[in-house]
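# Overview (structure and organization)
Listed below, chain by chain, are the residues.
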Amino acid sequence: MPSQKNIEIIHYHEETKHHFDRYAKSPGYMDWENQPDPFRSYENTTVFPLPLLKEDPSVGYQNLYRRSGKSSQPFTIKNIAGFLELSLGLSAWKAAGTSRWSLRMNPSSGNLHPSEGYLIISQTESIAGGVYHYNAMMHSLELRAGVSSALWHHITSHFETEGFLIGLSSIFWRESWKYGERAFRYCNHDAGHALAALSIAANLFGWKVTYLNGFSDEAIEGVLGLNQEGYHPLEKEHPDLLCLVYPHQEKTISRSLPNEIISALIDLPFSGNPNQLSPQKIDWEIIYKTADLTRKAMTAEHIFNYGNRSWFTKSTSQFSAPEIIRKRRSATSFDSNGSVTRAQFLSMLDKTIPRNTCCPFDAGLMHPSTHLILFVHNVEDISPGLYFFFRNDNDINAIKQISKPDFMWEQVEENFPLFFLKAGNFRQDAMMVSCHQEIAGFSAFSLGMISKFRDVVKKEPFRYRHLFWETGMIGQVLYLEAEAHGVRGTGIGCFFDDDVHDIMGFKDNQYQSLYHFTIGVPVEDPRLTTYPPYFHLKGR
Ligand SMILES: Cc1cc2nc3c(=O)[nH]c(=O)nc-3n(C[C@H](O)[C@H](O)[C@H](O)COP(=O)(O)O)c2cc1C
């Protein structure tokens, strides 16, 4: 029997579906007076400005994901700052007329950036040991609480490795200001993108990011100081995750901390007053209720085995790994004649498969639960039509059984889990299901991410958020893969959920479409001017 909690989470999901004739509840207009500040800062804190990278790590494209065998870089301020710059830092400023806005290494629905980053480090050169908030705009660390070397010693002794902790939180109001009730989904997509961005940036320094899956949300909240006074109503940060960043090694690390260390961190004297983001806010109650229902309790630590499937293709790129990260952008329109090659297409899909020794999925979030339904429009040597890509073999039979009986399920390549379902021109269907957005139909291909849903949420309600994180991580890989191959991608959060299920023939919520993505040859907008990411910090 489904629990009440589970029923209410599914209710949120149903309520926030977009339908052809009815969108999920939102303000329906842009209240510019109350637009939330996309940057959080803590006033009355000691601030440590971080250096900007003078030279990027010299790492090739393949090593975005693959462990390079290169030795781990020391945990210096320069390297930690570089890791933050290449994961959560600014990537550019754009301007049109009198408006100017910043972009970041990690994408965000509506560019609203609900995710905030926190660091817990030991004394590092001139930076005191402590719990810090990362201010992306100023590329600085704001000290929220000091951590003594004795406490830090307990932390490293427990993990049996040096390194530091990184945390993420979400400010729901930033997204709900524009998107209303569906915003909870977008915040979680963004958290997944940010987690993948952290994992990939760490790999450039020979470090590994592991998700500490034993932690409860309550503990994360306390450890990061998010339970302190001073947040304006509806501007509190919801705890998402805590990860350990450490020298890459084969050794398995613990996924939590002992209670006495967690308590010692929670009891630290925190300082700093969070800035106010908007004068007035709307309380989208269902978001806060669903956040409560999906709160994670302390759990046993899990180690997921993703296998070591070898790469299907040996792809190359003319760009280095940091170049790809820095040039990542969302396409706003595509050339409908633009194509990608068959090899590029297969290479992009291949990178979304989790592997034990490849980031970002080796961060160890969950058992892989998401697959891809593909609308192939213009891929050389691949017939246009509908395809399905399995990210693991466990769901093959279940999905085949509940899909339309006339699908061909013809395997495209031996030893590669891509199946041809139906030939045809799916440009109109792809656009239609993605809220009529041309970017889904004018690209080389677009896709929906189909996640194992009902049973996953029923068994562990907090996985509702994790499913969105997983789709965000896949999206981050696709963004980078597109750039690596000289094309461009865009995440698509606006889609008609049930119309995607109709295309597959799904009749219930055993599997649900949680996120869309599109990749093709971009058409640049000539009205936009681009400025360097940190031109406002000249001289740093
Ligand atoms: C979860 C998510 C959903 C998004 N949904 C859409 C969408 O439906 N349509 C669209 O044009 N762009 C969408 N985007 C792209 C964002 O608008 C884009 O990331 C943001 O404007 C920042 O630009 P950048 O990606 O170039 O840094 C989405 C991005 C994310 C991460």
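Since this is a predicted model, take the numbers as computed values, not measurements.

With that out of the way, let us pick up the overall build of the protein chain. The helix and strand tally for the protein chain stands at 15 helices and 19 strands. In the protein chain, which comprises 540 residues, the proportion classed as buried is 61%. Long-range pairs, those at least 24 residues apart, make up 82% of the contacts in the protein chain with a sequence separation of at least 6. As displayed, the protein chain has an accessible area near 20,300 Å², and 50% of this comes from carbon and sulfur atoms. For the protein chain, the distance from the average position of its 51 positive side-chain charges to the average position of its 59 negative side-chain charges is 3 Å.

Moving on: the nonpolar core. F83, F345, L374 and F445 are the most contacted members of the largest nonpolar core, which has 114 residues in total. Composition of this core by domain shows at least three residues from each of domain 1 (4-91 + 102-293) and domain 2 (321-520). Excluding residues within four positions of it along the chain, F345 makes contact with V340, L374, V376, V379, I382, L418 and F445. By size, the runner-up hydrophobic cluster in this structure holds 29 residues, among which are I120, L151, L226 and L265.

Let us now look at the site of the ligand. Surveying the vicinity of the ligand reveals 22 residues, the closest of which are R328, S330, Q437, G491 and G493. A distance of 2.9 Å is found between a nitrogen atom of the ligand and a backbone nitrogen or oxygen belonging to G493. Summarising the interface, the protein chains cover 84% of the accessible area of the ligand, which totals 620 Å² for the free molecule. For the shell around the ligand, the elements supplying multiple residues, two or more each, are β4 (99-104), α5 (183-203) and β17 (488-492). Broken down by class, the residue content of the shell around the ligand amounts to seven nonpolar, eleven polar and four charged. Looking at which domains feed residues into the shell around the ligand, each of domain 1 (4-91 + 102-293) and domain 2 (321-520) gives three or more.

To continue, consider the packing of helix α1 (residues 4-15) against helix α8 (residues 285-293). Running from N to C, α1 and α8 point in directions that differ by 140 degrees, and their axes come no closer than 10 Å. Between α1 and α8, the interaxial angle falls into the category oblique. For the pair α1 and α8, the sense of crossing is left-handed. Across from K5, E8, I9, H11, Y12 and E15 in α1, the residues of α8 making contact are I286, K289, T290 and L293.

With that settled, the discussion passes to the domain arrangement of the protein chain. Interface size is commonly expressed as the accessible area that is lost once the parts come together. Split by domain assignment, the protein chain resolves into domain 1 (4-91 + 102-293) and domain 2 (321-520). On the domain 2 side, the residues contacting the 58 residues of domain 1 number 52 residues. Between domain 1 and domain 2, a total of about 4,800 Å² is buried, with carbon and sulfur atoms accounting for 60% of that surface. Across the domain 1-domain 2 interface, the total number found is eight salt bridges. Summed over the shared surface of domain 1 and domain 2, the result is 31 residue pairs in polar contact (both at pLDDT 80 or more). For the side of domain 1 that touches domain 2, the secondary-structure elements that each account for two or more residues are α1, α2 (77-88), β4, α5, β9 (207-211), β10 (238-247) and α8. The element that contributes the greatest number of residues to the side of domain 1 that touches domain 2 is α5, accounting for 14 residues.

The final tally for this structure, using the stated rule, is 39 aromatic pairs. For the pair Y211 and W469, a centre-to-centre distance of 6.2 Å together with 85 degrees between the ring planes defines the contact as edge-to-face. Separated by 258 residues along the polypeptide, Y211 in strand β9 and W469 in helix α14 (residues 463-484) bring together distant segments of the chain. As far as burial versus exposure is concerned, Y211 and W469 are alike and both buried. Centre to centre, the rings of W409 and F419 are 5.9 Å apart; their planes meet at 65 degrees, and the pair counts as edge-to-face. Residue W409 is found in the loop between α11 (396-402) and β14 (410-413), and its partner F419 is found in strand β15 (residues 416-423); the two are separated by ten residues along the sequence. According to the relative accessible area criterion, W409 is buried, its value standing at 15%. Classification of F419 by relative accessible area gives buried; the value is 7%. When the ring centre of Y531 is taken as reference, the NZ or CZ atom of R100 above it lies at 5.5 Å. The ring of W311 is capped by R355, whose NZ or CZ atom sits 4.1 Å from the centre of that ring.

Reading across the sheet, the three strands line up as β4-β3-β19 and stay open at both edges, with antiparallel pairing between neighbours. The open sheet is flanked by β4 and β19 (529-531), the only strands paired with a single partner. When the angles between neighbouring strand axes are averaged without regard to direction, this sheet yields 30 degrees. Note that strand β3 (residues 90-96) and β4 share six bridges and pair antiparallel. Bridge pairing in β4 places L90 opposite R104.

Okay, the sheet that holds strand β7 (residues 140-146) next. One open sheet holds the seven strands; their spatial order is β2-β7-β6-β5-β8-β10-β9, and the pairing between them is antiparallel. The two strands at the open ends of the sheet, each matched to only one other strand, are β2 (47-49) and β9. Recorded for the sheet is a direction-independent mean angle of 30 degrees between the axes of neighbouring strands. Summarising the sheet, β2 and β7 pair through three bridges and their orientation is antiparallel. Bridge pairing in β7 places P49 opposite S140.

What follows concerns the side chain of N203. Following the sequence through the fold, N203 ends up in helix α5. Its relative accessible area of 4% is what places N203 among the buried residues.

We now examine empty space enclosed by the protein. If a probe the size of a water molecule is rolled over the atoms, the empty space left behind becomes visible. Scanning the entire structure with this criterion turns up seven cavities of 30 Å³ or more. Considered as a void within the structure, the largest cavity measures approximately 110 Å³ in volume. Lining the largest cavity we find 13 residues, and of these R104, S115, E116, Y134 and A136 sit closest to its centre. Every element with two or more residues in the lining of the largest cavity is listed here: β5 (115-121) and β6 (130-135). With three residues, β5 is the largest single contributor of residues to the lining of the largest cavity.

The rules behind these values
- Residues numbered from 1 in each chain as written.
- Predicted model: local features only at pLDDT ≥ 70, side-chain atom pairs only at ≥ 80, totals over all residues.
- Heavy atoms only, no water.
- Helix = DSSP H or I, 4+ residues; strand = E, 2+ residues; numbered from the N terminus.
- Buried < 20%, exposed > 50% of the residue type's maximum accessible area, 1.4 Å probe, protein only.
- Contact = heavy atoms within 4.5 Å.
- Areas by Shrake-Rupley, 256 points an atom, 1.4 Å probe, with all protein chains shown as cover.
- Lys, Arg positive; Asp, Glu negative; His and termini not counted.
- Charge placed at Lys NZ, Arg CZ, Asp CG, Glu CD.
- Core = buried A, V, L, I, M, F, W, Y, C linked by side-chain atoms within 4.5 Å.
- Domains from an automatic or database assignment.
- Near = heavy atom within 4 Å.
- Polar contact = N/O pair within 3.5 Å; in protein donor to acceptor, adjacent residues only side chain to side chain.
- Nonpolar A, V, L, I, M, F, W, Y, C, P; charged D, E, K, R; others polar.
- Axes fitted to C-alpha atoms, helices over the stretch in contact; angles between N-to-C directions.
- Parallel < 35°, antiparallel > 145°, perpendicular 65-115°, else oblique.
- Left-handed = near helix turned anticlockwise from the far one by under 90°.
- Buried area = accessible area lost by both parts, 1.4 Å probe.
- Salt bridge = Lys/Arg side-chain N within 4 Å of Asp/Glu carboxyl O.
- Phe/Tyr/Trp six-rings, centres within 6.5 Å; stacked < 30°, edge-to-face > 60°.
- Lys NZ or Arg CZ within 6 Å of the ring centre and 35° of its normal.
- Pairing = 2+ DSSP bridges.
- 1 Å grid on protein atoms, 1.4 Å probe; cavity = no way out; pocket = protein on both sides within 12 Å on 5 of 7 lines; lining within 4 Å.
- Points joined across faces, edges and corners; volume = space filled by probe spheres on them.

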